[in-house]
Amino acid sequence: MEWKVHELRGFVAVVDTGTFTDAAIELGVSQAAVSRSIASLERRAGGLLLRRMPRVCEPTALGHRFLPQARRVLSELSKLDELLTAGRTTLRLGYAWAAVGQHTTPLLRGWALAHPEVELRLIRHNSPSAGLAEGICDAAIVRTPLDPRRFEAVIVGLERRMAVFASDDAEWARRRSLRMKEIAARPVLIDPRTGTTRGELWAEGKGPRTLETTDLDNWLDAIAAGKGVGMTSEATAVHHPRQGVSYKSVSDGPRIPVWLAWWHDEPPTGVAALADTLTKLYQGG
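Quick look at the structure, then. Computed from a predicted structure; not experimentally measured.

Further remarks concern the overall build of the protein. The number of helices and strands found in the protein is 10 helices and 13 strands. At 28 Å, the protein has a C-alpha radius of gyration far larger than the 19 Å of a compact globule built from 285 residues. Once the C-alpha set of the protein is aligned to its principal axes, its extents read approximately 90 × 40 × 35 Å. The buried share of the protein, reckoned over its 285 residues, is 44%. Summarising the internal contacts of the protein: among those between residues at least 6 apart in sequence, 70% fall at separations of at least 24. Carbon and sulfur atoms provide 52% of the accessible area of the protein, an area that totals close to 15,400 Å². One finds the centroid of the 37 positive side-chain charges in the protein at a distance of 2 Å from the centroid of its 33 negative side-chain charges.

This is the structure in structure tokens:
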């Protein structure tokens, strides 16, 4: 059967208001249009849905069974409307481990003042595209390049690399900073899906032994337990302070580019302004 939305709305409106006349007023159509919708719906349902009485209408037994399902369908359609409307007024910004570090709060506060017509909403999703490929967000903060055939991306800033280690590590705890070769001398915990630490950061044959973890929390727990050390963006230190874990800068570590990415064929509302805002924040302007 092919159900028609206006017929379902007409039926529910008559039940809620009690009369065809009031239902027509609520829906902004003629009483005749409501009558035709109900008659068509009843033919499709194979029986009367409404009991017509002199001053009021009420559901029949079939109507009572039909009513909850009709309400559910209309509710789901309403959610679909909200989703499409939100897509025009909400800019969902995904990230995997950390948003934009110390710039996150200024970004959210400044954006709300400068762009009240577009809500900026942060969404954390642990995938290489930070939820962009999965359709969870409209744009994403990523720290490794995405496929340029699918995504548009611009670098909005650069971040320092940080060494991450157990706080009771007596050798490293007293250091102001660390060097790449010192990190390579330890087992290094990495998340190969979303992390920024790769073997090619070191010269061939000079890289560390790596141990894989599945996500940020497992990574931090393993480091706190002394199973290895890590290396990450300075934004991680801002977003994820953890008891038993210390962060120190890597003096000779190459800076990490921060990319703002979105689908080639579907640039979201406000993405150009977002790129400009992020660039200014990273530049300190």
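After presenting the structure, the write-up continues.
Below, the discussion takes up the packing of helix α2 (residues 20–27) against helix α3 (residues 31–45). It is at 8 Å that the axes of α2 and α3 come closest, and there the two elements cross at 105°. The pairing of α2 with α3 is recorded here as roughly perpendicular in orientation. Residue-level inspection shows Phe20, Thr21, Ala23, Ala24 and Leu27 of α2 in contact with α3, the latter providing Gln31, Val34, Ser35 and Ile38. Classifying every residue of the contact of α2 with α3 gives six nonpolar, three polar and no charged.

Glancing now at the pairing of strand β4 (residues 119–124). Relative to β4, strand β3 (residues 90–95) runs parallel, the two sharing six bridges. Residue pairing in the sheet places Leu91 in a bridge with Leu120 of β4. The β-α-β motif built from β3, the intervening helix α5 (residues 104–114) and the parallel element β4 has right-handed crossover chirality.

Summarising the element assignment, Gly230 is placed in strand β11 (residues 230–233). You can call Gly230 buried: its relative accessible area is 0%. Residues Gly230 and Thr197 lie 33 residues apart in sequence; the distance between their C-alpha atoms is 8.2 Å. In contact with Gly230, other than residues within four places in its own chain, are Met162, Ala163, Val164, Val188, Leu189, Trp219 and Ile223.

What follows is about the sheet that holds strand β12 (residues 245–250). Hydrogen bonding along the main chain pairs the strands of a sheet, whether they run parallel or antiparallel. Taken in spatial order, the four strands line up as β8-β12-β7-β11 in an open sheet, and their pairing is mixed. Whereas interior strands pair on both sides, the edge strands pair on one side only; in this sheet they are β8 (177–178) and β11. Of the strand pairs in this sheet, strand β7 (residues 161–166) and β11 are connected by four bridges, and their pairing is antiparallel. Residue pairing for β11: Val164 is matched across the bridge by Gly230. Across the sheet, helix α8 (residues 216–224) lies against β7, β11 and β12, angled at about 55° from β7, the strand it touches most.

The next subject is α3. Its 15 residues place the ends of α3 21 Å apart at the C-alpha level, agreeing with the 21 Å of an ideal helix rising 1.5 Å per residue. Taken together, the buried positions of α3 are Ala33, Val34, Ser37, Ile38, Ser40, Leu41 and Glu42. Of the residues flanking the end of α3, it is Gly46, one or two places downstream, whose phi is positive at about 80°.

Another aspect to go through is α5. Those residues of α5 that sit buried are Thr104, Leu107 and Trp111. Projected onto a plane normal to the axis of α5, the buried residues spread over an arc of 55° and lie on a single side. Facing away from the buried side of α5 by more than 90 degrees, the exposed set consists of Arg109 and Leu113. Residues of α5 that are buried make contact with β3, β4, α9 (234–239) and α10 (271–283).

A separate point is the pattern of salt bridges. Going through the model one piece at a time under the given rule, you end up with 16 salt bridges. Residue Arg92 pairs with Asp138 through a salt bridge whose shortest N-O separation is 2.9 Å. With Arg92 in strand β3 and Asp138 in the loop between β4 and β5 (139–142), this pair connects stretches of sequence that are 46 residues apart. Overall, Arg92 belongs to the partly exposed group, its relative accessible area being 23%. For Asp138, a relative accessible area of 15% puts it in the buried group. Ionic pairing is found between Arg186 and Glu171, a salt bridge with its closest N-O pair at 3.4 Å. Linking Arg186 in the loop between α7 (180–184) and β9 (188–190) with Glu171 in helix α6 (residues 170–173), this pair joins segments that are 15 residues apart in sequence. For Glu171, a relative accessible area of 44% corresponds to the partly exposed category. Through salt bridges with shared partners, a single network forms among Asp169, Glu171 and Arg186.

What counts and how
- Residues numbered from 1 in each chain as written.
- Predicted model: local features only at pLDDT ≥ 70, side-chain atom pairs only at ≥ 80, totals over all residues.
- Heavy atoms only, no water.
- Helix = DSSP H or I, 4+ residues; strand = E, 2+ residues; numbered from the N terminus.
- Rg over C-alpha atoms; globule rule 2.2 N^0.38 Å.
- Buried < 20%, exposed > 50% of the residue type's maximum accessible area, 1.4 Å probe, protein only.
- Contact = heavy atoms within 4.5 Å.
- Areas by Shrake-Rupley, 256 points an atom, 1.4 Å probe, with all protein chains shown as cover.
- Lys, Arg positive; Asp, Glu negative; His and termini not counted.
- Charge placed at Lys NZ, Arg CZ, Asp CG, Glu CD.
- Axes fitted to C-alpha atoms, helices over the stretch in contact; angles between N-to-C directions.
- Parallel < 35°, antiparallel > 145°, perpendicular 65-115°, else oblique.
- Nonpolar A, V, L, I, M, F, W, Y, C, P; charged D, E, K, R; others polar.
- Pairing = 2+ DSSP bridges.
- Right-handed = clockwise from strand over helix to strand, strands pointing away.
- Expected span 1.5 Å × (residues − 1).
- Arc of directions from axis to C-beta.
- Salt bridge = Lys/Arg side-chain N within 4 Å of Asp/Glu carboxyl O.

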